Amino acid sequence: MTAKEGGNVGVVHVVNDQTDIDHVLKTGQHYPYIPVITAKYFKLLTDPRICRDILNQFKSSPKRITGVLVVDEKRTSDVTGLSPDKTCPNDGFGLYADDTTYGHCGQQEWNSAGESTLKHNDGLMFNDWPFPIFMVRNATNIEEIKDCFKRYGGPEYPLCGIQLEAPMNAAKDSVACIRRTHLQKSSYSLSQTFYCDPLGGHNIFSTLLWTSKRDKISNDSVVVLSARLDSFSMFDNVSPGSDSALTSVVTLLAIAKTLNDYRSDIQRLSNDKNILYALFDGEAFDYIGSSRVAHDMSAGKFPVDPKSDGDVAQLRSEQFSHFIELNQLAAHGTDDTIYIHKNLKSNEAVSKLEGLLEKYAKNIRNFKMSSISDGRPLPPSSVQTFLKQNNAMGGVVIANHENEFTNKFYNSIYDDIQNVNPNDDKLLATRLTNVATVVSKAVYELLTGQQRQPEISVNQTLVELLLDCYTNNSNCDLFNIIMDPERAHHGTDKPRGEPLPTYVGVFGSSTLSSASRIYTHMLLSYLGGEELSPDVTKENCTQQNKESRQFSFYWMTGARNGTCIKSQAIKTDALSPAFLSEGQVTDERLYSTWTESRWTGGKVRIFLMPSPLQQWLTLIAGLILTLISFVFIYMIDKNSVILFERMDVANVPQQSLTVGL
């Protein structure tokens, strides 16, 4: 999906119906065109009246179509389903990749998105488009484009023209691209050309009870509570991920805060059992984050290399008794039940967990949680990565769908709060609070063998604040609370007002997406950590952070406009194991090998396009003027002796020659 050097140029034509599509593809005389389409048409259609979907029709007409411009007018009522992901997300890297029955979504197509994708379709994101596809969201710019088309849309010249510019450097595939980039980096050329970079970000982890290297963690003693951090869309910095990722992140953070309030009880009663909070990055691209963790566990390097200074206990998958993954949780349509998915058949650990979850769900009014029957595969989820290593643990996925995704905007530009929670701000918060309460009580009983009913209760106000920060306004109170108060009061250090994108990004880059991971890490530290005495000053807090190998200490605004937080939350690299050997890609059949092309920022330019006759006349006139100028210069040079009086230097006074020396 790259542009030509210098940009792709075409005539603007706004698409409103099938007649406009026929115009740009068949009947229009002023091609090549750059169609301007709304989200209503920006999807794969299965309408039998149209033999192929619209974008694929554009794709098959390279002489007539040189680009596509999508305008986002926020008229979401026009869009009933839009997902650029595959019908079988992460196909080929999950638990069932080599299973002839369940592999490749043999029993269940998960992401049908209504009528917006075809069976076993690769999705918009994974097609090779021969032209650039841009999105314009600014209302003023959209009106300018429409006005240009209205006034100069033809058939008479001048016509409204547009240029889309976004050159990319990627070469062939990730293997070749990474190799060529490495060769350029290792060369001494002054004009190096880099081609692509691996996708990656940061995983975030914390345990409820502190650990150290000296601790011996028993098998089946750790309950994992996980969520994914990332989503994507086809457009840069537009990946809201409100239900694809963020409803689960919000719920996990609320659980971390709730159980942290019972830390002393759990430590006294748990018999060395613990909770691992895990937030995986890059999961939308074939499980980048979770596959890196599983790889590091096998090498005995999780969560940190034992040779490093970090003083935390090493963890392995056989130490996991249960793995609870929070997935998409918002209600869509009429089905408001929360479902518990498992791997084909319940083992003893899964049955125990299912029983606890259903028991506590029954005690909440107007809330339903139900287990999926045996014989059904897990939906796309991080737990699949760890079930490959330890199939005996109680692995479940808690989600809002029984069969296919009820979220018809999965990994889409429209997976935002307006579509996830269109009518009532309190409704989604109440739902997530109920999920968090049920899971908190179930985990408490798993760890201690005792019930705390009905004392354990999740604070809905906290859930509402978290939802506001992640899905509505990143310049929010909660994000400001976890900042250093000196920076929080400095305008340039505050996050921008709109939600931060969830796209994983290029590994090692500093982007708005990486900013969201920083805030999540700090929130987990704040909500799951320990607030130290008011007597601890900023200097003391900073000094402890330098000296400690077991804990991190953060000076945050907090409730007192300055407080020290003690935490064991850490970030680890979410970089696919396939990229750990510098300059080459290994084990590409086992691990994700997604890369992003090096590219310059996209540019859109609108101009009036004259008729071909006028262009030829302008060119000919320019050539004639150029020829005349050459003749004129030649004649002047030839007759310069006549036209210009020669100065006799010998007769010039001496002082004239020395002036200015």
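Residues numbered from 1 in each chain as written. Predicted model: local features only at pLDDT ≥ 70, side-chain atom pairs only at ≥ 80, totals over all residues. Heavy atoms only, no water.

The name given to the protein chain in an unreviewed UniProt entry is Nicastrin, with the source organism recorded as Oppiella nova. In its Sequence similarities (unreviewed entry) section, UniProt records this for the protein chain: "Belongs to the nicastrin family." As its UniProt record puts it under Subcellular location (unreviewed entry), the protein chain is described as follows: "Membrane". (UniProt positions renumbered as here; feature names shortened; annotations may be inferred.)

**Focus: helix H3 (residues 139-152)**
Between its first and last C-alpha atoms H3 spans 20 Å; for 14 residues at 1.5 Å apiece the expected length is 20 Å, and the two agree. Among the residues of H3, those classed as buried are Ile142, Ile145, Cys148 and Phe149. Angularly, the buried residues of H3 cover 125 degrees about the axis, an arc narrow enough to put them on a single face. Residues of H3 that are exposed and point more than 90 degrees away from the buried face comprise Ala139, Thr140, Lys150 and Arg151. Where H3 begins, the capping side chain belongs to asparagine 138, and its oxygen is found 2.9 Å from the backbone nitrogen of threonine 140. Count one or two residues on from H3 and you reach glycine 154, which has phi positive near 95 degrees. (Helix = DSSP H or I, 4+ residues; strand = E, 2+ residues; numbered from the N terminus. Expected span 1.5 Å × (residues − 1). Buried < 20%, exposed > 50% of the residue type's maximum accessible area, 1.4 Å probe, protein only. Arc of directions from axis to C-beta. Polar contact = N/O pair within 3.5 Å; in protein donor to acceptor, adjacent residues only side chain to side chain.)

**A closer look at the sheet that holds strand E14 (residues 530-531)**
Taking strand neighbours across the sheet as the criterion, the 3 strands line up as E14-E16-E15 in an open arrangement whose pairing is antiparallel. Of all strands in the sheet, those with a lone pairing partner are E14 and strand E15 (552-556), marking the two edges. Both E14 and strand E16 (residues 563-567) contribute to a ladder of 2 bridges, which runs antiparallel. If you follow glutamate 531 over to E16, its bridge partner there is isoleucine 565. Each of E15 and E16 touches helix H15 (residues 512-528); the most contacted strand, E15, lies at about 95 degrees to it. (Pairing = 2+ DSSP bridges. Contact = heavy atoms within 4.5 Å. Axes fitted to C-alpha atoms, helices over the stretch in contact; angles between N-to-C directions.)

**Re the packing of helix H5 (residues 242-260) against H15**
Interhelical geometry of H5 versus H15 gives an angle of 25 degrees and a closest axis separation of 8 Å. What the angle tells us is that H5 and H15 run roughly parallel. For the pair H5 and H15, contact is made by Val249, Leu253, Ala256, Lys257 and Asn260 and by Thr520, Leu523, Leu524, Leu527 and Gly528, respectively. (Parallel < 35°, antiparallel > 145°, perpendicular 65-115°, else oblique.)

**So, the pattern of salt bridges**
Applying the stated criterion across every chain, the model contains 16 salt bridges. Glutamate 354 is paired through a salt bridge with lysine 342; the nearest N and O atoms lie 3.1 Å apart. Taken together, the positions of glutamate 354 in helix H8 (residues 348-361) and lysine 342 in strand E11 (residues 338-342) put the pair 12 residues apart, joining distant regions of the chain. There is no split in this pair, since glutamate 354 and lysine 342 are both buried. One salt-bridge network, held together by shared partners, links Lys342, Glu354 and Asp374. (Salt bridge = Lys/Arg side-chain N within 4 Å of Asp/Glu carboxyl O.)

**Examining the packing of aromatic side chains**
Within this structure, the stated rule accounts for 20 aromatic pairs. Ring geometry for tryptophan 210 against phenylalanine 551: centres 5.3 Å apart, planes inclined by 80 degrees, an arrangement best described as edge-to-face. Of the two residues, tryptophan 210 sits in the loop between strand E7 (200-207) and strand E8 (222-228) while phenylalanine 551 sits in the loop between helix H16 (538-547) and E15, which places them 341 residues apart along the sequence. Residue class for tryptophan 210 comes out partly exposed when judged on its relative accessible area of 23%. Taking the relative accessible area as the measure of exposure, phenylalanine 551 reaches 14% and is therefore buried. These aromatic residues form a ring-pair network of at least three members: Phe205, Phe280, Phe302, Phe320, Phe323 and Phe386. (Phe/Tyr/Trp six-rings, centres within 6.5 Å; stacked < 30°, edge-to-face > 60°.)

**Topic: helix H4 (residues 174-185)**
With 12 residues, H4 should cover 16 Å at 1.5 Å per step; its first-to-last C-alpha distance of 16 Å lies within 8% of that length. Restricting attention to buried positions, one finds in H4 the residues Ser174, Ala176, Cys177, Ile178 and Thr181. Contacts from the buried residues of H4 go to strand E6 (196-198) and strand E18 (595-597). N-capping of H4 is provided by aspartate 173, with a side-chain oxygen placed 3.3 Å from the backbone N of valine 175.

**So, the sheet that holds strand E2 (residues 33-38)**
On the basis of which strands lie adjacent, the open sheet formed by 6 strands has the order E4-E3-E2-E1-E5-E19 and mixed pairing. Since the sheet does not close on itself, it has two edges, and those belong to strand E4 (133-136) and strand E19 (603-609), each with one partner. Mean inter-strand twist for the sheet, computed between neighbouring axes without regard to direction, equals 35 degrees. Here strand E5 (residues 159-165) pairs with E19 via 7 bridges, running antiparallel. When the bridges of E19 are listed, glutamate 165 appears paired with lysine 603. Here helix H1 (residues 18-27) sits on the sheet and contacts strand E1 (8-14) and E2; the angle it forms with E1, its principal contact strand, is near 150 degrees.

**Describing the state of the cysteines**
Within the structure shown, the criterion is met by 5 disulfides. Note that cysteine 88 is cross-linked by a disulfide to cysteine 105, the S-S spacing being 2.1 Å. Between cysteine 88 and cysteine 105, the S-S torsion sits near 90 degrees, and that sign places the bridge as right-handed. In this pair, cysteine 88 sits in the loop between strand E3 (68-71) and E4 while cysteine 105 sits in the loop between E3 and E4, placing the two residues 17 residues apart along the sequence. Here the two residues cysteine 88 and cysteine 105 agree in accessibility, since each one is buried. Across a sulfur-sulfur distance of 2.1 Å, cysteine 541 and cysteine 564 are joined as a disulfide pair. (Disulfide = S-S within 2.5 Å.)

**Observations concerning unusual backbone geometry**
Across the chain, the bulk of peptide bonds are trans and the bulk of non-glycine residues have phi less than zero. Between tyrosine 31 and the following residue, proline 32, the backbone shows a cis peptide bond with an omega angle of 10 degrees. If you trace the backbone, proline 32 turns up in the loop between H1 and E2. Residue proline 155 is reached from glycine 154 by a cis peptide bond, and omega for that bond is 10 degrees. Residue placement: proline 155 occurs in the loop between H3 and E5. For aspartate 272, which is not glycine, the phi dihedral falls at a positive 70 degrees. The residue aspartate 272 is located in the loop between helix H6 (263-269) and strand E9 (274-280) in this model. Of note, the phi angle at tyrosine 287 is positive, near 60 degrees, even though the residue is not glycine. Judged by relative accessible area, which is 3%, tyrosine 287 ranks as buried.

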